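Per-entry structural report
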Amino acid sequence: MQPITILGVGRTDYEPKPGVSIPEMVHHAVQAALADAGLTMQDVDARVTASADLWDGLTASNVAITEVVGAVMQPEARVAGDGLAAACHGAMSILANAYNVVLVVAHCKASMGDSGGITNWTFDPIYQQPLGLDDAAAAALQSSALHFPTPPLPPPIADGAAAIILAHAPHPQSAIRDPQLIGMGWALDEHYLGDRDLTDSPALREAARRALALANLDDPKRDLTFVELSEHFDYQRELWTFILGLDSTHDINSSGGLQRGVPPFVAGLDRLIQVVLRLRQESGVALAHGCWGPCGQGQVVMVVRR
Amino acid sequence: MRRVAVIGTGQTKHAKARDDATQSELVRQATTRALADAGITIHEVDAIVLSNMELFEGRALPEMWVGEGAGGYRKPVMKIATGGTSGTSACIAGYHQCASGLFDIVLVVGWEKHSEGATQTGMALTDPLWDRNVASGAVGNFALSISQYVAARGVTPQQAAKVAVKARRNATRNPYAHLQIDGITVEQVLQSRMLADPVHLLDMCPQSDGACAVIYAVEDRAKKFCPRPSWVRAAVTRHDQPYIGDLDRRLVTMRTLRDAAREAYQRVGITEPLREIDVAEIYEPVSYAELAWYEALGFCAEGEAGRLIDDGVTEMNGELPVNPSGGVLSTNPVGASGVLRVAEAAMQVMGRAGDHQVPDVRLALATGYGVYAWSDVIILSAD
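Attention now moves to the packing of helix α3 (residues 83-95) of chain A against helix α4 (residues 86-99) of chain B. Contact pair α3 of chain A / α4 of chain B: the axes reach a minimum separation of 7 Å and the direction vectors enclose 65°. Viewed along their axes, α3 of chain A and α4 of chain B form a crossing whose handedness is left-handed. Each of His89, Met92, Ser93 and Leu95 of chain A in α3 of chain A lies in contact with α4 of chain B, whose residues at this interface are Ala93, His96, Gln97 and Ala99 of chain B. Partitioned by chemical class, the residues of the contact of α3 of chain A with α4 of chain B number four nonpolar, four polar and no charged.

The subject of this paragraph is the nonpolar core. If you look at the biggest cluster of nonpolar residues, it comprises 125 residues, and the most contacted ones within it are Ile164 and Leu272 of chain A together with Ile215, Tyr216 and Leu380 of chain B. Each residue touching Ile215 of chain B, except ones within four places of it in the same chain, is listed here: Ala5, Val6, Ile7, Gly8, Ala34, Leu35, Ala38, Ile40, Ile105, Val106 and Leu107 of chain B. Within the second largest apolar cluster, 65 residues are counted, among which are Ala138, Met254, Ala261 and Leu291 of chain B.

All names here are of chain B. Assigned domains of chain B: these are domain 1 (4-119 + 208-225) and domain 2 (136-204 + 233-381). Using C-alpha coordinates to define each centre, domain 1 is positioned 23 Å away from domain 2. Of the residues lining the interface, 39 residues belong to domain 1; the matching set on domain 2 comes to 36 residues. Surface buried jointly by domain 1 and domain 2 totals about 2600 Å² across both partners, of which 65% is contributed by carbon and sulfur atoms. Three residues stand out in domain 1 for area buried against domain 2, namely Gln11, Thr88 and Ile92, and they jointly supply 20% of the buried area on that side. Across the contact surface, domain 1 and domain 2 share one salt bridge. With a closest N to O distance of 3.2 Å, Asp37 and Arg352 form a salt bridge.

Residues and elements named next belong to chain B. With respect to the helices and strands, the residue Ser86 is situated in helix α4. For Ser86, a relative accessible area of 0% corresponds to the buried category. A distance of 2.8 Å separates a polar atom in the side chain of Ser86 from the backbone nitrogen of Thr82. At a separation of 2.6 Å, a polar atom in the side chain of Ser86 contacts the main-chain carbonyl oxygen of Gly83.

Taken together, the 56 residues of chain B in the interface contact 58 residues of chain A. Surface buried jointly by chain B and chain A totals about 4800 Å² across both partners, of which 63% is contributed by carbon and sulfur atoms. For the pair chain B and chain A, the number of links is one salt bridge. The closest approach of N and O atoms between Arg74 of chain B and Glu190 of chain A, which form a salt bridge, is 3.0 Å. Counting across the interface, chain B meets chain A through 24 residue pairs in polar contact (both at pLDDT 80 or more). Elements supplying a minimum of two residues to the side of chain B that touches chain A: α2 (54-57), α3 (63-66), β3 (77-80), α4, α5 (119-123), β8 (230-238) and α11 (255-268) of chain B. Looking at the side of chain B that touches chain A, its residues break down into 25 nonpolar, 15 polar and 16 charged.

Take the environment of Asn216 of chain A next. Its location among the elements puts Asn216 of chain A in the loop between α6 (202-214) and α7 (220-223). Taking the relative accessible area as the measure of exposure, Asn216 of chain A reaches 70% and is therefore exposed.

We now examine α11 of chain B. Two residues of an α-helix separated by three or four positions point the same way, owing to the 3.6 residues in each turn. All names here are of chain B. The terminal C-alpha atoms of α11 lie 20 Å apart, and with 14 residues this matches the ideal 20 Å at 1.5 Å per residue to within 8%. Here α11 has its buried residues at Thr256, Leu257, Asp259, Ala260, Ala261, Glu263, Ala264, Tyr265 and Val268. Positive phi shows up at Gly269, right after α11, with a value of about 85°.

All names here are of chain A. Applying the stated rule across the entire model yields 43 salt bridges over all chains. Taking the shortest distance from any N to any O, the salt bridge between Asp159 and Lys109 comes out at 3.6 Å. Of this pair, Asp159 sits in strand β5 (residues 159-167) while Lys109 sits in strand β4 (residues 101-109), and the two are 50 residues apart along the sequence. Note on Asp159: relative accessible area 0%, which makes it buried. Taking relative accessible area as the criterion, Lys109 reaches 4% and is therefore assigned buried. A salt bridge links Asp223 to Arg222, with the shortest nitrogen-to-oxygen separation between them at 2.8 Å. Judged by its relative accessible area of 17%, Asp223 is buried.

All names here are of chain A. By domain assignment, chain A separates into domain 1 (4-112 + 157-174) and domain 2 (180-305). One C-alpha centre belongs to domain 1, the other to domain 2, and the line joining them spans 20 Å. Across the boundary between the two partners, domain 1 contributes 37 residues, which contact 29 residues of domain 2. Across the domain 1/domain 2 interface, buried area totals approximately 2500 Å², and carbon plus sulfur atoms make up 75% of it. At the boundary of domain 1 and domain 2, one finds two salt bridges. When the shortest N-O distance is used, the salt bridge between Asp36 and Arg280 registers 2.6 Å. Summed over the shared surface of domain 1 and domain 2, the number is six residue pairs in polar contact (both at pLDDT 80 or more). Listing elements by their share of the side of domain 1 that touches domain 2, those giving two or more residues are β1 (4-11), α3, β4 and β5. A class-by-class count of the residues in the side of domain 1 that touches domain 2 yields 26 nonpolar, seven polar and four charged.

Now for α4 of chain B. Residue and element names in this part refer to chain B. For α4, spanning 14 residues, the distance from its first C-alpha to its last is 20 Å, which sits close to the expected 20 Å at 1.5 Å a residue. Burial analysis of α4 places 14 of its 14 residues in the buried class, which makes it a mostly covered element. Of the residues trailing α4, Gly101 is marked for its positive phi of about 95°.

A few words now on the environment of Val262 of chain A. Structurally, the position occupied by Val262 of chain A is in the loop between α8 (236-243) and α9 (267-281). Taking the C-alpha atoms as reference points, Val262 of chain A and Asp178 of chain A, 84 residues apart in sequence, are found 24 Å from one another.

What counts and what doesn't
Residues numbered from 1 in each chain as written. Chains lettered and ligands numbered in written order. Predicted model: local features only at pLDDT ≥ 70, side-chain atom pairs only at ≥ 80, totals over all residues. Heavy atoms only, no water. Axes fitted to C-alpha atoms, helices over the stretch in contact; angles between N-to-C directions. Helix = DSSP H or I, 4+ residues; strand = E, 2+ residues; numbered from the N terminus. Left-handed = near helix turned anticlockwise from the far one by under 90°. Contact = heavy atoms within 4.5 Å. Nonpolar A, V, L, I, M, F, W, Y, C, P; charged D, E, K, R; others polar. Core = buried A, V, L, I, M, F, W, Y, C linked by side-chain atoms within 4.5 Å. Buried < 20%, exposed > 50% of the residue type's maximum accessible area, 1.4 Å probe, protein only. Domains from an automatic or database assignment. Buried area = accessible area lost by both parts, 1.4 Å probe. Salt bridge = Lys/Arg side-chain N within 4 Å of Asp/Glu carboxyl O. Polar contact = N/O pair within 3.5 Å; in protein donor to acceptor, adjacent residues only side chain to side chain. Expected span 1.5 Å × (residues − 1).

This is the structure in structure tokens:
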């Protein structure tokens with residue numbers, strides 16, 4: 001694939017923000033990304049946003065942020081999934097030559113939502129939902145299947161927003177600084193937990209296979225300088241590492257990962273932001289990973305180089 | 001941009017309550033029919049884009065459960081949700097993914113099962129500080145905007161009722177349509193229950209259960225699989241202010257649809273839409289909105305929409321048939337409604353619209369409408 005430049009990144013702090021509304025959070029992240037890129041909203045051709053209606057308590061939850069993402073009389077698409085998947089779609093629309101500069105934004109105000117109640121509604125309503133399954137219960141099943149020694153630990157609950165700016169070509173003033181997206185892949189696994197081998201993730205294997213193939217990398221152990229994984233529960237770090245063909249000797253989640261508290265749906269996009277910030281300091285090839293749904297049913301991988 | 005065409009479509013029978021099928025089964029039916037129509041199997045599909053408004057059924061990440069119904073097993077699957085425009089936005093997203101060079105065949109599937117949720121309650125879940133206190137679901141907010149439109153343009157309840165009659169009459173020739181009211185008359189519409197002045201029950205779209213799928217292919221695949229592919233020529237999105245009070249007389253101005261149409265026409269080289277476009281499948285949630293969209297889409301001058309319907313210009317045998325399928329007024333599973341517009345427009349170009357086929361369609365228009373005033377415009381052609 002033709003490389004895509006990541007011109008700018010921005011995010012809020014991640015913590016419960018009882019006094020800050022969703023549009024305010026998103027505004028801060030977007031303005032930070034624009035300033036980082038040295039652009040104004042007028043330079044942005046289109047937006048891809050990522051959010052979840054049930055977490056926001058809003059129908060079409062991107063309605064709340066139309067103004068702050070600059071979508072008034074402009075194109076926007078919303079991916080109802082992890083922000084890294086939204087970034088993939090933004091990159092696809094650039095590769096299609098539909099747009100030159102795309103703003104990708106993810107937000108979640110997890111402190112307002114009831115995680116158990118909401119994620120129970122992810123499970124099919126006939127067989128699994130009535131059992132009372134939620135993301136935490138599914139994680140307990142997965143960590144048991146892995147013989148993980150301690151109960152699954154989720155990150156602290158946090159609110160926040162993250163934004164990146166993707167472009168067809170490097171900005172002349174920052175071409176040396178800006179990392180490039182050179183591979184991406186995403187995939188969906190089976191839904192029924194009983195149909196899945198919870199010690200594996202064919203969807204992550206597939207997403208990574210696609211991303212690494214596009215990046216012309218055939219040996220992740222050798223080719224990846226560092227990796228930022230979305231471990232929505234502590235045990236997942238080891239699992240995703242193993243599935244990616246890496247081991248504990250690799251440079252993984254040097255940023256602190258999600259365990260320092262990163263909101264759902266923002267998580268994957270924040271992994272990409274951490275990759276970009278570090279690649280600005282040192283050259284290399286890095287992998288950003290996101291996942292969403294029970295036991296990482298949806299998986300997304302990006303490969304970035306500078 | 002790589003050339004991309006629609007090579008197959010499929011939809012379910014739409015109904016008030018499809019108690020015989022789960023959401024996943026509805027999606028599977030539409031997908032299976034689209035694959036058969038395109039003459040391919042799921043193995044040839046590289047990626048899938050889904051469309052659904054999860055809060056209407058109260059589901060979180062519904063693609064997790066329903067994705068398998070679309071054949072999404074270990075494939076790239078993404079869900080797009082932007083209110084009423086979800087379906088057309090998903091079609092635009094699928095088009096971009098197919099044109100990206102990374103995928104050759106992309107499946108788009110939209111669905112909604114309103115019978116399993118509380119749609120108008122969902123629609124009232126708007127901004128909690130300002131808008132929610134006045135949120136009134138689709139009927140209330142349209143009654144407000146229609147009153148402004150009627151005052152500005154002088155269209156009559158009879159003219160709006162003619163739109164409602166046209167849609168339901170066309171729907172009787174579409175075996176998949178939800179509302180099929182044989183012999184419906186203007187009087188019947190005007191005598192139907194008043195929902196919110198001036199909107200009568202039969203002026204309004206229904207809430208339907210159903211699904212619809214569209215399959216895109218890049219040029220060489222499209223020519224291989226389809227004798228008459230429906231090429232995507234333009235796809236434009238415009239969103240607008242989130243508060244209804246910030247929108248200047250929505251149906252009168254409808255600046256998103258005007259601007260999206262202007263850009264799409266420019267890309268295709270359309271200067272006289274009424275004459276050049278052969279068929280239109282537009283997202284008309286209420287009879288009066290179709291009249292307003294005629295003006296915004298440039299089918300007529302401002303204030304002329306009533307005359308257009310009086311003169312039969314948009315009837316099946318008119319100069320520009322609008323919504324031969326029966327439109328949203330006859331079938332409205334929200335996440336699928338925009339996909340249905342694109343599918344029906346593509347079917348017309350491909351010559352596969354059966355009893356509601358318009359003869360010799362070369363250029364077709366599809367639009368999406370959502371939230372208070374968001375618009376998508378897509379133009380398809382035979383070459």
